Amino acid sequence: MHEMIKGANVALSSLSEDTGSVVVSLGWCSTSGDGDADVSVLLLDENGKVGGDQDFFFYNHPAAPDGSVQLLGKTPTGDGSEDRISLDLTAIPERVERVVIAASRYEGARFGDLDDLRLTIADRAGEPLLGFSIPDASVESAFLFGELYRRAGEWKFRAIGQGYETGLGGLATDFGIDIDDSPEDDPEEPEQPSDAPVDVTAAQTVTAATPEADATPLPAPRTEGPAAPAAALATTPAPTAPAAKPAVTRRPRTAKRKVTIPETMRKSLAENENWQQSRLFPASSVKSDREREMRATSVLLSVMAQVPEFGRRLTAAFGAPAGRMETFTEVTLPHGETPKRPDGVIRVERAGRMWTALVETKTNGNPLKPEQVQAYADIAARRGYEAVITLSNDVALDGRPVVEVKIDRRRKNKVALWHLSWTEVAHQAQMLIRHEGVANAAHAWLLQELLHYLRNENSGCHGFQNMGPAWVPVRKGIDDETLVTGDSRAVAVVESWERLIRQICLRLGGELGQKVLPVQRAKRGVDPDSRRAALADDLCAKGRLHAELRIDGTPGVLAVTADLRTAKLRTSMDLPADEQGYPLARAKRLVRQLAEAPADLHIETLLDGDTPGPRGTLERLRPEPGDLLPGSGARITGFRLSLFKSMGSGRGNAESGFIRSVDEAVDRFHQHVITHLDARPAGRRRRATEGADA
């Protein structure tokens with residue numbers, strides 16, 4: 001991998017023969033567990049400005065209609081997380097000269113609080129081409145990591161590493177974009193119903209009051225604030241206001257309204273609940289595992305081909321170009337004396353270029369067979385195909401492939417091996433139809449039918465559901481204190497626990513429409529196997545499994561602890577103490593927020609140092625919030641909220657199983673505790689207005 005320094009540039013063609021599609025990854029880690037940032041992409045013309053709001057991609061506008069840009073979202077890694085962007089450089093419009101890769105933080109957070117800021121670019125096969133580390137971040141709240149630019153008919157990359165003391169809004173206006181950061185519940189701009197006509201008003205080009213930028217220099221930073229520059233506002237006509245109200249200037253939204261399906265459906269016309277609604281993809285008639293695999297493959301691939309947003313979402317990360325997609329099932333391919341029949345084939349064509357992936361599917365608890373996947377990888381290499389995609393209920397872990405396959409890197413044609421879990425497929429479908437939207441109602445309905453099929457008990461596509469054969473002996477070893485450090489079975493349980501937590505993040509993120517990621521407090525470069533071995537030793541010594549989840553828009557990190565000695569699950573969140581007001585006022589305010597929370601919620605006061613603070617159940621504290629105050633007068637640093645639940649013992653997902661009990665514990669804490677807490681704005685987040693006085 002080519003390592004770069006600030007200001008350096010390199011031609012992508014000098015690093016790989018196939019750079020038509022690349023994946024850009026921005027990574028960082030946080031030892032505090034509360035570090036996050038949002039990526040953004042700007043397409044600039046020869047003057048260093050966007051051609052319109054449609055050339056700005058961020059959390060509210062994650063994909064280009066032509067598929068040239070696709071924000072793939074965050075992926076947990078062994079030492080933090082990576083935000084990935086798929087770029088089909090062959091589909092970038094000719095008018096675009098530069099593709100700027102940026103990131104921003106919010107609510108006063110700075111990039112100096114994050115560790116190991118790094119950008120990497122990989123080719124379509126996942127082979128890293130270049131890397132760029134930024135060691136000197138400090139007070140910046142927006143960062144330009146680098147840019148891809150055209151030069152003499154080819155694409156080059158420049159490492160920028162320039163930060164600004166401003167947020168996303170300021171960065172965007174510097175390049176000619178005006179952000180609509182008004183709150184979603186703005187009473188003067190009511191939401192249209194889902195069946196309302198789509199607003200297709202063309203986005204306007206905004207003239208910023210900044211100097212012209214040439215191909216290399218970047219615009220000076222602009223202070224972020226709620227108001228746009230005067231020149232920008234002058235180009236945006238204000239709508240006619242009622243006589244009783246002053247005129248309000250409305251800024252263009254960066255993306256046209258799309259179709260989503262409300263969670264609360266219309267009242268059914270069935271006479272009683274025994275009437276089963278007809279379904280496009282019925283699952284009740286499926287009998288055998290082979291039939292489940294064939295049905296699941298056919299259902300998924302057909303929806304991918306018919307719903308372009310969904311198909312692109314799943315294949316962009318695998319190096320597929322943005323183009324016309326067709327999918328096939330049960331295709332026979334020659335392989336020595338015994339032809340092979342992969343479960344499916346995906347083909348994407350753009351401008352005469354063809355991308356092909358073979359698909360191997362497993363359902364229920366059936367594992368992928370290495371020899372089977374190896375045969376498909378060999379066939380793909382011989383036939384010039386680009387990828388083999390495996391689908392199963394297993395969840396891939398960083399540094400640990402789901403199935404071991406040998407890829408001959410000496411071949412000119414590289415074959416990439418990718419894995420998708422059924423939970424991830426469901427997550428992407430739910431994000432589109434519940435939160436981000438698709439082009440029309442028919443596409444939304446197809447995705448809804450796909451989700452209904454995947455969730456059917458008979459589909460076999462339920463996600464990770466088994467803690468593995470090591471679960472029972474490890475649990476018994478902890479009970480009778482015979483489990484010793486170094487036991488490989490403890491490592492297996494830690495890996496299963498990690499899979500479960502990642503699956504919970506996907507499920508919860510799809511339901512909320514928010515980023516939900518496991519927190520990793522390790523420094524970058526820590527070997528995943530070493531980290532898991534240390535966690536396994538901790539399990540042997542203390543008998544506990546522990547994980548932390550960061551849910552976007554919540555005031556703290558959600559901790560989940562499974563104590564195998566006491567068979568108890570603990571879900572908790574530490575809330576920093578409000579610096580405003582007297583201690584008693586803070587305690588009363590917290591208890592008022594939790595008026596609808598469960599009576600058995602435990603509240604503990606956190607004090608300076610290791611001194612234990614007062615604690616009690618919410619039922620006892622409601623009439624006497626003052627009981628949370630320390631008698632010693634020590635400074636209160638925060639409050640810890642905890643719920644306890646009995647832990648399931650079985651290794652599976654049955655009603656008495658461990659997995660089901662963890663799911664229920666997380667859901668209960670989120671629904672009955674977190675939702676009642678004051679939280680930072682989520683979804684379309686409004687950036688903090690730090691620096692507004694500049």
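Details of the structure are given in the entry above.
Since the model is a prediction, treat every value here as computed from it, not as a measurement. (Residues numbered from 1 in each chain as written. Predicted model: local features only at pLDDT ≥ 70, side-chain atom pairs only at ≥ 80, totals over all residues. Heavy atoms only, no water.)

Caption draft 1: Here's a closer look at the overall build of the chain. Within the chain, the secondary structure is distributed over 13 helices and 24 strands. By the burial criterion, 52% of the 694 residues in the chain qualify as buried. Of the contacts made within the chain by residues no fewer than 6 positions apart, 72% connect residues no fewer than 24 positions apart. When the accessible surface of the chain is summed, it comes to about 31,200 Å², and 50% of that surface belongs to carbon and sulfur atoms. (Helix = DSSP H or I, 4+ residues; strand = E, 2+ residues; numbered from the N terminus. Buried < 20%, exposed > 50% of the residue type's maximum accessible area, 1.4 Å probe, protein only. Contact = heavy atoms within 4.5 Å. Areas by Shrake-Rupley, 256 points an atom, 1.4 Å probe, with all protein chains shown as cover.)

Caption draft 2: Expanded view of the packing of helix α8 (residues 471-479) against helix α9 (residues 488-512). The contact between α8 and α9 brings their axes to 9 Å, and the two run at 115°. Of the possible angle classes, the one that applies to α8 and α9 is roughly perpendicular. Along this stretch, α8 crosses α9, giving a crossing that reads as left-handed. Here Trp 471, Pro 473 and Val 474 of α8 come into contact with α9, specifically with Arg 489, Ala 490 and Val 493. Class assignment of the residues belonging to the contact of α8 with α9 gives a composition of five nonpolar, no polar and one charged. (Axes fitted to C-alpha atoms, helices over the stretch in contact; angles between N-to-C directions. Parallel < 35°, antiparallel > 145°, perpendicular 65-115°, else oblique. Left-handed = near helix turned anticlockwise from the far one by under 90°. Nonpolar A, V, L, I, M, F, W, Y, C, P; charged D, E, K, R; others polar.)

Caption draft 3: The pattern of salt bridges, seen in detail. This model, assessed by the stated rule, comprises 37 salt bridges. Where Asp 55 meets Arg 95, a salt bridge forms, and the shortest distance between an N and an O atom there is 2.8 Å. Linking Asp 55 in the loop between β4 (38-44) and β5 (56-57) with Arg 95 in the loop between β7 (80-88) and β8 (98-104), this pair joins segments that are 40 residues apart in sequence. Note that Glu 147 is salt-bridged to Arg 98, the shortest N-O span being 2.8 Å. With a gap of 49 residues between them, Glu 147 in strand β11 (residues 142-151) and Arg 98 in strand β8 connect regions that are remote in the sequence. Taken individually, Glu 147 and Arg 98 each receive the classification buried, so the pair is uniform in this respect. One network of salt bridges, with partners in common, ties together Arg 290, Glu 293, Glu 330, Arg 341, Asp 343, Glu 360 and Lys 362. (Salt bridge = Lys/Arg side-chain N within 4 Å of Asp/Glu carboxyl O.)

Caption draft 4: Here's a closer look at the packing of helix α3 (residues 289-306) against helix α4 (residues 308-315). Where α3 meets α4, the axes come as close as 5 Å, and the angle between the chain directions of the two elements is 110°. It follows that α3 is roughly perpendicular to α4 by the angle criterion. Here Leu 300, Val 303, Met 304 and Gln 306 of α3 come into contact with α4, specifically with Pro 308, Phe 310, Gly 311, Leu 314 and Thr 315. Each residue belonging to the contact of α3 with α4 can be placed in one class, and the counts come to six nonpolar, three polar and no charged.

Caption draft 5: Structural context of the sheet that holds strand β13 (residues 324-329). Pairing within the open sheet is mixed, and its five strands lie in the order β13-β14-β15-β16-β17. Each edge of the open sheet is held by one strand with a lone partner, namely β13 and β17 (416-421). Sheet twist, expressed as the average angle between the axes of neighbouring strands with direction ignored, equals 20°. One ladder, built from six bridges, connects strand β16 (residues 387-392) with β17; its direction is parallel. The residue of β17 that forms the bridge with Val 388 is Leu 417. With respect to the sheet, helix α5 (residues 370-383) is in contact with β15 (353-361), β16 and β17, its orientation differing from that of β15 by roughly 170°. (Pairing = 2+ DSSP bridges.)

Caption draft 6: Focus on helix α10 (residues 528-542). In a regular helix each residue adds 1.5 Å, so 15 residues correspond to 21 Å; α10 covers 21 Å between its end C-alpha atoms and thus fits that length. All of the buried residues along α10 are Pro 528, Arg 531, Arg 532, Ala 536, Leu 539 and Cys 540. Buried positions along α10 lie against α8, α9 and β19 (544-551). Backbone geometry just downstream of α10 places Gly 543 in the positive-phi region, at approximately 75°. (Expected span 1.5 Å × (residues − 1).)

Caption draft 7: Quick look at the nonpolar core. Judged by nonpolar contacts, the single largest core of 58 residues is most densely connected at Trp 497, Leu 545, Leu 594, Leu 641 and Phe 658. It is α9 that provides the largest number of residues to this core, a total of nine residues. Once residues within four sequence positions are removed from consideration, Trp 497 is found in contact with Met 467, Leu 545, His 546, Ala 547, Val 560, Ala 562, Phe 658 and Val 662. (Core = buried A, V, L, I, M, F, W, Y, C linked by side-chain atoms within 4.5 Å.)

Caption draft 8: Focus on the environment of Met 1. If you trace the backbone, Met 1 turns up in the segment before β1 (2-4). What Met 1 contacts, discounting residues up to four positions off in sequence, is Arg 118, Pro 128, Leu 129, Leu 130 and Gly 131.

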